[in-house]
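So you can see what is in the structure, the chains are spelled out below.
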Amino acid sequence: MSIYKIEAGTAQHLGNRPQQNDRAVLYTAPKAPGYVMAVLADGMGSGGTAPEQVLHTSKQLFDDYRAGDTANLARVQELLRSIALETHEVLAMNPLGTSGEPQTTLVLLVLTPQGQAVWAYVGDSRLYRFSGTQCGERSSDAAYVEHLVNVDRLPPEAAKKHRSARLLANVLGNRQKAPFVTLGVYEGLQPGDAFLLCSDGLWQYFTETELAAVVARGTPRQASEMLINKAIERAKGQGDNCSMAIVKLVAPPKEAPAYTVQKMGKAV
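Being a predicted model, the structure only gives us computed values, none of them experimental.

Undergrad: Just to check I follow, could you spell out the sheet that holds strand S11 (residues 242-250) for this structure?
TA: Within a sheet, adjacent strands bond to each other through the backbone by hydrogen bonds, running parallel or antiparallel. Read from one edge to the other, the open sheet built from 5 strands follows the order S1-S11-S10-S7-S8, with strand pairing classed as antiparallel. With one partner strand each, in any of the chains shown, strand S1 (5-13) and strand S8 (134-138) form the two edges of the open sheet. Sheet twist, expressed as the mean angle between neighbouring strand axes with direction ignored, is 20°. Bridging between strand S7 (residues 126-131) and strand S10 (residues 193-198) involves 6 bridges; their strand directions are antiparallel. Bridge pairing in S10 links arginine 129 to phenylalanine 195. Contacting S7, S8, S10 and S11, helix H6 (residues 208-217) runs over the sheet at an angle of about 65° to S7. Contacting S1 and S11, helix H7 (residues 220-235) runs over the sheet at an angle of about 150° to S11.

Undergrad: Got a minute to help me understand the packing of helix H1 (residues 49-64) against helix H2 (residues 73-93) in this structure?
TA: Helix packing for two helices is described by the angle between their axes and how far apart those axes are. Contact geometry for H1 and H2: axes closest at 9 Å, N-to-C directions at 135°. The angle between the axes of H1 and H2 places the two elements in the oblique class. Pair H1 / H2 crosses with right-handed handedness. Along its contact with H1, which presents Ala50, Gln53, Val54, Thr57, Ser58, Gln60, Leu61 and Phe62, the element H2 presents Leu79, Ser82, Ile83, Glu86, Thr87, Val90 and Leu91. Residue composition of the contact of H1 with H2, by class: 8 nonpolar, 6 polar and 1 charged.

Undergrad: Which parts of the structure should I look at to understand unusual backbone geometry?
TA: Residues apart from glycine generally show negative phi values, whereas peptide bonds are mostly found in trans. In the Ramachandran plot, arginine 153 falls in the positive-phi region, its phi being about 60° despite a non-glycine side chain. One non-glycine residue, lysine 236, lies in the positive phi region at around 55°. You can call lysine 236 exposed: its relative accessible area is 72%.

Undergrad: Even after reading the chapter, I still don't get the nonpolar core, so can you show me in this structure?
TA: One recurring pattern in soluble globular proteins: nonpolar side chains tend to sit buried together. Tyr35, Met37, Val39, Phe62, Leu79 and Leu80 are the most contacted members of the largest nonpolar core, which totals 30 residues. When contributions to this core are tallied by element, the ones reaching two or more residues are strand S2 (22-28), strand S3 (36-44), H1, H2, strand S5 (106-111) and strand S6 (116-122). When residues no more than four places from it in sequence are discounted, the contact partners of valine 39 are Arg23, Ala24, Val25, Tyr27, Val54, Leu55, Ser58, Val107, Leu108 and Leu197. Residues Ala194, Cys198, Tyr205 and Leu227 belong to the second largest nonpolar core, which totals 22 residues.

Parameters at a glance
Residues numbered from 1 in each chain as written. Predicted model: local features only at pLDDT ≥ 70, side-chain atom pairs only at ≥ 80, totals over all residues. Heavy atoms only, no water. Pairing = 2+ DSSP bridges. Helix = DSSP H or I, 4+ residues; strand = E, 2+ residues; numbered from the N terminus. Axes fitted to C-alpha atoms, helices over the stretch in contact; angles between N-to-C directions. Contact = heavy atoms within 4.5 Å. Parallel < 35°, antiparallel > 145°, perpendicular 65-115°, else oblique. Left-handed = near helix turned anticlockwise from the far one by under 90°. Nonpolar A, V, L, I, M, F, W, Y, C, P; charged D, E, K, R; others polar. Buried < 20%, exposed > 50% of the residue type's maximum accessible area, 1.4 Å probe, protein only. Core = buried A, V, L, I, M, F, W, Y, C linked by side-chain atoms within 4.5 Å.

Right under this line is the structure:
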């Protein structure tokens, strides 16, 4: 079982946009004690419609998830993939609105009681894994670009421009292309490890080193307040929606030392 306790929180800021299109939330699984899920979605098109669908599907499938005595990482990965694909299917069936197709990025993270982390992502919202003040890894679109080259047979230069090509955009709800879901696993979590899920309204203003340091040195609330304030400052009035979920693993409090109390001349 895990040798840490979890400190977690979510935070959002509107930035300089007319509405909030991001969503960030934390869930526990009623049928899988000790499992925790963090969800982040950055919507486009029909505002918050697509991110709200991410939250709804994530909660519905996570609520139904049953875990055995030990974590089955393949099953957890399949759960996250199912959340992404089911959300995409629902969004693709929605009628077109005046603001276009409801689309969204997606980042999912699940922690198990056995000290394991499993994640999935679609699009340019990011997941960072920190070990103390060091960035162990972060999500990227490298796997998707490789998929476009090796499977779709696109020239490498064309594949690298997928973000600016509507047909190639890797998001949930794109009627012209199914989402490419990238999965990741990390085992052996320890106190001092942390995760950050965030939209591009945050990560574009920071280096990995800066993010790791801020998350390591404060509580999730302190870190999120500092990051949002600095993002607003660096955006110089041009900031996007800024959203994040922070999950930190900290050492549990030590047990109080054994002691006796002297009363009426006797130890009790």
